[in-house]
Amino acid sequence: MIDFFTIEPVEIEPTDIIKRLDHLVRTTDESVKRMVDATIPHVGKYEKTLIESSLSIVGALNTIYKIVRHYLLTGERENNWILIMQLQFQMPMIMKLVNTYHEALDAFSTGKPIGDAAGPLTVHRLIENGQVVSRRVVDETSIIELYYKDRRVFVIKAEGPGSNVGHPGAVLNKLVEDLKGSVDLIITIDAALKLEGEETGSLAEGVGAAIGDPGPEKIAIERAASKYNIPLRALVVKMDLREAITVMRKEIFEACYKAFKYVDKIIEEETMPKATVIVAGIGNTMGVPG
Amino acid sequence: MADGIDAYSLFLIVAIILLIAYLLMDTFTKKPKKKEYITRELLKCVKCGFTVEKEFEPGDFIGLVKDKCPKCGGDLRVEGIYSVEKEKILKPGKP
């Protein structure tokens, strides 16, 4: 199961590439789920999501191991010391990545929230502070309708508290279509990789879809916003790769309170009372319910 | 210099000795310890707002009602789960 792979779609023919990529991503997810289901049928849904994510991490570690072994054995067999030397120089970076993945296994095997859950946690605070009207789950993604400061707010996040990223882009697109485009503002909140020197948990605001998927979800948000001319705002919480996939640091947890206040400010400044707003918390929702 | 060591060789020997000394020092110098993190969870009373930080237990998630408030008897709910540096955890000290 750890050798499972996905072949990327043909890029030199761009027609329908998003549709093909989306199909492959969904087929991969479904296949892994089916394999886990067949292996451990009596385990609960929540535990299964943790196992699926742990398997993908073990798969990544296995791939790194096989690539390093390949170059080492090739270098030895061909007596190519330059190749081995290059590998030796890259080993500190490779080991850093391997240690990060290894450390991430702790979070995924016990269901602790990871740094990437900053988006779902921020919108969770919004749900707690609003007056919830309805909840439904579409495509492993929760849509929570609530009233907040006299605005009709739709919160979109992956269904929790299992390890799940959902399909926020596709669901947001469908929601905008259901509302016939009568949406005044879309806000996306996600974790973003910081540059060296930037502070963990610092916030940055911008325009666009804050989502780091391979493409299908991001383009769905952009298409929905551009079709109906809806302002698309983005808020990101900065962290490095280690912090994004290991247990959420306290700094990031505290940054989610600040991010919530920031979302509140954007809603108040950008919309009038009675407006309709969509707020999407992007990221893995492990440990965060809703 | 026809006999003995010429200046170039002397310079090379000194350079090699310095390099070996530097490598030995670098090997035996204590490197900074890797930071150790442990996972904590913040429990908050939904009634009176009393908060307490405890050790994380597998299976817990944010929003889970875990305990009763020692002050007012209200529900103690998991407000957050996060990792903190082991050395930074406040331990109950002597008065």
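What counts as what
- Residues numbered from 1 in each chain as written.
- Chains lettered and ligands numbered in written order.
- Predicted model: local features only at pLDDT ≥ 70, side-chain atom pairs only at ≥ 80, totals over all residues.
- Heavy atoms only, no water.
- Helix = DSSP H or I, 4+ residues; strand = E, 2+ residues; numbered from the N terminus.
- Rg over C-alpha atoms; globule rule 2.2 N^0.38 Å.
- Contact = heavy atoms within 4.5 Å.
- Areas by Shrake-Rupley, 256 points an atom, 1.4 Å probe, with all protein chains shown as cover.
- Lys, Arg positive; Asp, Glu negative; His and termini not counted.
- Charge placed at Lys NZ, Arg CZ, Asp CG, Glu CD.
- 1 Å grid on protein atoms, 1.4 Å probe; cavity = no way out; pocket = protein on both sides within 12 Å on 5 of 7 lines; lining within 4 Å.
- Points joined across faces, edges and corners; volume = space filled by probe spheres on them.
- Nonpolar A, V, L, I, M, F, W, Y, C, P; charged D, E, K, R; others polar.
- UniProt positions renumbered as here; feature names shortened; annotations may be inferred.
- Pairing = 2+ DSSP bridges.
- Axes fitted to C-alpha atoms, helices over the stretch in contact; angles between N-to-C directions.
- Polar contact = N/O pair within 3.5 Å; in protein donor to acceptor, adjacent residues only side chain to side chain.
- Core = buried A, V, L, I, M, F, W, Y, C linked by side-chain atoms within 4.5 Å.
- Buried < 20%, exposed > 50% of the residue type's maximum accessible area, 1.4 Å probe, protein only.
- Phe/Tyr/Trp six-rings, centres within 6.5 Å; stacked < 30°, edge-to-face > 60°.
- Lys NZ or Arg CZ within 6 Å of the ring centre and 35° of its normal.

### Digging into the overall build of chain A
Here is step 1: Across its full length, chain A holds eight helices and seven strands.
Here is step 2: Here the C-alpha radius of gyration of chain A, 21 Å, is about what a compact globule of 290 residues would show, namely 19 Å.
Here is step 3: A sequence separation of at least 24 residues applies to 75% of the contacts in chain A between residues at least 6 apart.
Here is step 4: Here chain A displays about 14,700 Å² of accessible surface, and carbon together with sulfur accounts for 58% of that area.
Here is step 5: Taking the average place of the 34 positive charges on the side chains of chain A and the average place of its 41 negative ones, the gap between the two points comes to 3 Å.

### A look at the layout of surface pockets
Residues and elements named next belong to chain A.
Here is step 1: For the second largest pocket, the calculated volume is near 660 Å³.
Here is step 2: Lining the second largest pocket we find 24 residues, and of these M93, K96, L97, T100 and L241 sit closest to its centre.
Here is step 3: Considered class by class, the residues forming the lining of the second largest pocket number 12 nonpolar, four polar and eight charged.

### Notes on the UniProt feature "transmembrane region" (unreviewed entry) in chain B
Here is step 1: Per the UniProt annotation, the sites labelled "transmembrane region" (unreviewed entry) are residues 6–25 of chain B.
Here is step 2: In this annotation, residues 6–25 of chain B is assigned 95% helix and 0% strand; the end-to-end C-alpha distance for the span is 29 Å.

### Some points on the sheet that holds strand β4 (residues 75–85) of chain B
Here is step 1: The strand order across the open sheet built from four strands is β2-β1-β4-β3 (chain B), with neighbouring strands paired in antiparallel fashion. Taken across any chain shown, the strands that pair with only one partner, and hence form the sheet edges, are β2 (51–55) and β3 (65–68) of chain B. Direction aside, neighbouring strands of the sheet carry axes that sit 40° apart on average.
Here is step 2: Inspection of the sheet shows strand β1 (residues 37–45) of chain B paired to β2(B) by five bridges, in the antiparallel sense. Directly across from E41(B), in β2(B), lies its bridge partner K54(B).
Here is step 3: The strands touched by helix α8 (residues 250–270) of chain A are β1, β2 and β4 of chain B; relative to β4(B), the strand with the most contacts, the crossing angle is about 130°.

### Focus on the environment of S31(A)
Residues and elements named next belong to chain A.
Here is step 1: By the element assignment, S31 lies in helix α1 (residues 17–39).
Here is step 2: C-alpha separation for the pair S31 and F4, spaced 27 residues apart in sequence, amounts to 9.5 Å.
Here is step 3: At 2.6 Å, the side chain of S31 and the backbone oxygen of T27 are in polar contact.

### What about the nonpolar core?
Residues and elements named next belong to chain A.
Here is step 1: Ranked by internal contacts, the top residues of the largest apolar core, which has 61 residues, are V153, V155, I187 and V279.
Here is step 2: Among the elements that take part in this core, α8 stands out by supplying nine residues, more than any other.
Here is step 3: Residues in contact with V279, not counting those within four places in the same chain, are V123, L126, V153, F154, V155, I156, I187, I189, V263 and I267.
Here is step 4: Counting 20 residues, the second largest nonpolar core, distinct from the first, contains L172, L175, L179 and A280.

### What about the interface of chain B and chain A?
Here is step 1: Listed per partner, the contact involves 18 residues of chain B and 21 residues of chain A.
Here is step 2: Top element by residues in the side of chain B that touches chain A is β4(B). It accounts for seven residues.
Here is step 3: Per-class residue counts for the side of chain B that touches chain A are nine nonpolar, four polar and five charged.

### A few points about the sheet that holds strand β6 (residues 232–239) of chain A
Residue and element names in this part refer to chain A.
Here is step 1: One open sheet accounts for seven strands, arranged β1-β2-β3-β7-β4-β6-β5; its pairing is mixed. Each having just a single partner strand, β1 (131–138) and β5 (203–207) make up the two edges of the open sheet. On average, each strand axis in the sheet is inclined to that of its neighbour by 20°, with strand direction left out of account.
Here is step 2: As defined by bridge partners, strand β4 (residues 185–193) adjoins strand β7 (residues 276–281) across five bridges and the pair is classed as parallel. For I189, the partnering residue across the bridge sits in β7 and is G281.

### Structural notes on unusual backbone geometry
Residues and elements named next belong to chain A.
Here is step 1: Across the junction of G160 and P161, the peptide omega takes the value 10°, indicating a cis bond.
Here is step 2: With respect to the helices and strands, the residue P161 is situated in the loop between β3 (151–158) and α5 (168–178).
Here is step 3: The residue D150 is not glycine, and still its phi comes out positive at about 65°.
Here is step 4: Residue class for D150 comes out partly exposed when judged on its relative accessible area of 40%.
Here is step 5: You will see that K274, though not glycine, has its phi angle at about 80°, which is positive.

### Thoughts on the packing of aromatic side chains
Here is step 1: Within the structure shown, the criterion is met by three aromatic pairs over all chains.
Here is step 2: Aromatic side chains F253(A) and Y257(A) sit 5.5 Å apart centroid to centroid with 90° between the ring planes, which places their arrangement in the edge-to-face category. One end of the pair, F253(A), and the other, Y257(A), are both in helix α8, four residues apart, so they sit about a helical turn from each other.
Here is step 3: In this structure Y257(A) comes out as partly exposed when scored by relative accessible area, which is 27%.
Here is step 4: Of the aromatic side chains, those joined through ring pairs into one cluster are F253(A), Y257(A) and Y82(B).
Here is step 5: Residue placement shows R249(A) over the ring face of Y37(B); its charged tip is 3.9 Å from the ring centre.
Here is step 6: The ring of Y262(A) has K265(A) lying over it, and the distance from NZ or CZ to the ring centre is 4.7 Å.

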